[in-house]
Amino acid sequence: MININKELPPLAAKYGRPLNSQTKGVDQILEDFSSLDRIAVALASEEQNNVALTGPAGCGKTATVRKLSALLEEGRYTRLSGRRVVELNIDLINQNRDRRDLLFKHILDEAEYYSIIIYVDEAHRLCENEGPTNLMNTLKPYITNGGISMLISTTSEEFKLYIARDRAMERRFQPVVLKEPGHERLLQILERVARVRYPRTEITRSAIEETTRLAALCAPERAEPARSLELLHYEVSAAQINLPAGECVDMIDAKDARRAAALKTDNAVGSWNYDA
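Since the model is a prediction, treat every value here as computed from it, not as a measurement.

J.: Lay out the packing of aromatic side chains with the relevant residues and their values.
T.: Counted under the stated rule, the structure contains one aromatic pair. Summarising the aromatic geometry, the rings of Tyr113 and Tyr114 are spaced 4.9 Å apart at their centres and angled 85° between planes, so their arrangement reads as edge-to-face. Given the relative accessible area of 21%, Tyr114 is considered partly exposed. Taking NZ or CZ as reference, Lys264 lies 4.8 Å from the ring centre of Tyr234, over its face.

Structure, rendered in structure tokens:
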């Protein structure tokens, strides 16, 4: 039986934040239902009902959790009706050095009683302290006994280094690997963000395409869609820097994208074909 309380219990409210349809930016996220459905089915499972989202930094792991939370609130997954996702602030928990482990245990007790789905980003941080006092050891009995459902996200390398080395913990998490979007889907993601985030500015298709091309040149070490989204927001800021607050530029085209990329990387104008 699920204990439903409209208000978060006190510790979850103090050391976490609920993720739902009101979470900032969730309306900008383009759904990937193949991944979302896999996560939801895993969370509703009687066994191994914890999910580890892995993939390169910037591929959309946190965005996926935020979208899932909104879909839970909207009732897309009946079996998970009434369940809420709370993202824990590990930094805040770690500030309580003397009683950190006991505090974390009480938070997990709340999550178990109220059927809250706990989410921890950069989950390798649960293992930051060597020895028996790290948070992962406090979490282990709740995971192995099936008392709570948990979502964690981290890079594939950090999952192998910090989580998978404990075979008992590894077996309790169903892995969901998120990959960088293909080119067409990346364009769709940017168009969705441009339309929702900047409704008063026309960001042309050519600007979107140029943004993805230039982002790959500016930050080849980073993953999509994060690197293209960062450049897109920078383009809008650069185009509006001399406008009064509240006013928006009418249109951003490919030339604006090249100008912003040159400014962001402090590149010589000619290397980006600035006025082409």
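What follows picks up the thread again.
J.: Tell me what's going on with the pattern of salt bridges, and back it up with residues and numbers.
T.: Considering all chains together, one arrives at 19 salt bridges under this definition. Arg76 is the partner of Asp37 in a salt bridge, and the nearest nitrogen-oxygen pair spans 3.3 Å. Taken together, the residues Asp37 in helix 2 (residues 33-43) and Arg76 in the loop between helix 3 (61-74) and strand 3 (84-88) connect sequence positions 39 residues apart. Looking at Arg76, the relative accessible area reads 40%, which means it is partly exposed. For Arg172, the salt bridge identified is with Glu47, shortest N-O distance 3.6 Å. Here Glu47 lies in the loop between helix 2 and strand 2 (50-54) and Arg172 lies in helix 8 (residues 167-172), a separation of 125 residues in the sequence. Looking at Arg172, the relative accessible area reads 26%, which means it is partly exposed. In the salt-bridge network here, residues are joined through shared partners; they are Glu184, Glu191, Arg205 and Glu209.

J.: A description of the nonpolar core should follow, citing residues and the corresponding values.
T.: Within the largest apolar cluster, 32 residues are counted, with the highest numbers of intra-cluster contacts made by Leu88, Ile93, Val120, Leu126, Leu139 and Met150. Those elements that place two or more of their residues in this core are helix 1 (10-15), strand 3, helix 4 (90-94), helix 5 (100-114), strand 4 (116-121), helix 6 (135-144), strand 5 (149-154) and helix 7 (156-163). Those residues within four positions of Ile93 in sequence are excluded, and the remaining contacts are Tyr15, Leu88, Arg100, Leu103, Phe104, Ile107 and Leu135. If you look at the next biggest cluster of nonpolar residues, it comprises 21 residues, including Leu36, Leu43, Leu53 and Ile117.

J.: Summarise the side chain of Glu224; cite the residues concerned and give the values.
T.: Tracing the sequence through the fold places Glu224 in the loop between helix 10 (205-218) and helix 11 (226-240). A distance of 2.8 Å separates polar atoms of two side chains, one belonging to Glu224 and the other to Ser228. For Glu224, the residues in contact, after removing those within four places along its chain, are Gly58, Cys59, Glu180, Pro181, Leu186, Thr212 and Ala215.

J.: Break down the state of the cysteines for me, with residues and values.
T.: The term disulfide refers to a covalent linkage connecting the sulfur atoms of a pair of cysteines. Here the structure, examined in full by the defined rule, presents zero disulfides. Cysteine Cys59 is unpaired, with the sulfur of Cys127 as its nearest cysteine sulfur at 20 Å.

J.: Break down the environment of Arg100 for me, with residues and values.
T.: Note that Arg100 resides in helix 5. Measuring from C-alpha to C-alpha, the distance between Arg100 and Leu135 comes to 8.3 Å, with 35 residues separating the pair along the chain.

Procedures and definitions
Residues numbered from 1 in each chain as written. Predicted model: local features only at pLDDT ≥ 70, side-chain atom pairs only at ≥ 80, totals over all residues. Heavy atoms only, no water. Phe/Tyr/Trp six-rings, centres within 6.5 Å; stacked < 30°, edge-to-face > 60°. Buried < 20%, exposed > 50% of the residue type's maximum accessible area, 1.4 Å probe, protein only. Lys NZ or Arg CZ within 6 Å of the ring centre and 35° of its normal. Salt bridge = Lys/Arg side-chain N within 4 Å of Asp/Glu carboxyl O. Helix = DSSP H or I, 4+ residues; strand = E, 2+ residues; numbered from the N terminus. Core = buried A, V, L, I, M, F, W, Y, C linked by side-chain atoms within 4.5 Å. Contact = heavy atoms within 4.5 Å. Polar contact = N/O pair within 3.5 Å; in protein donor to acceptor, adjacent residues only side chain to side chain. Disulfide = S-S within 2.5 Å.

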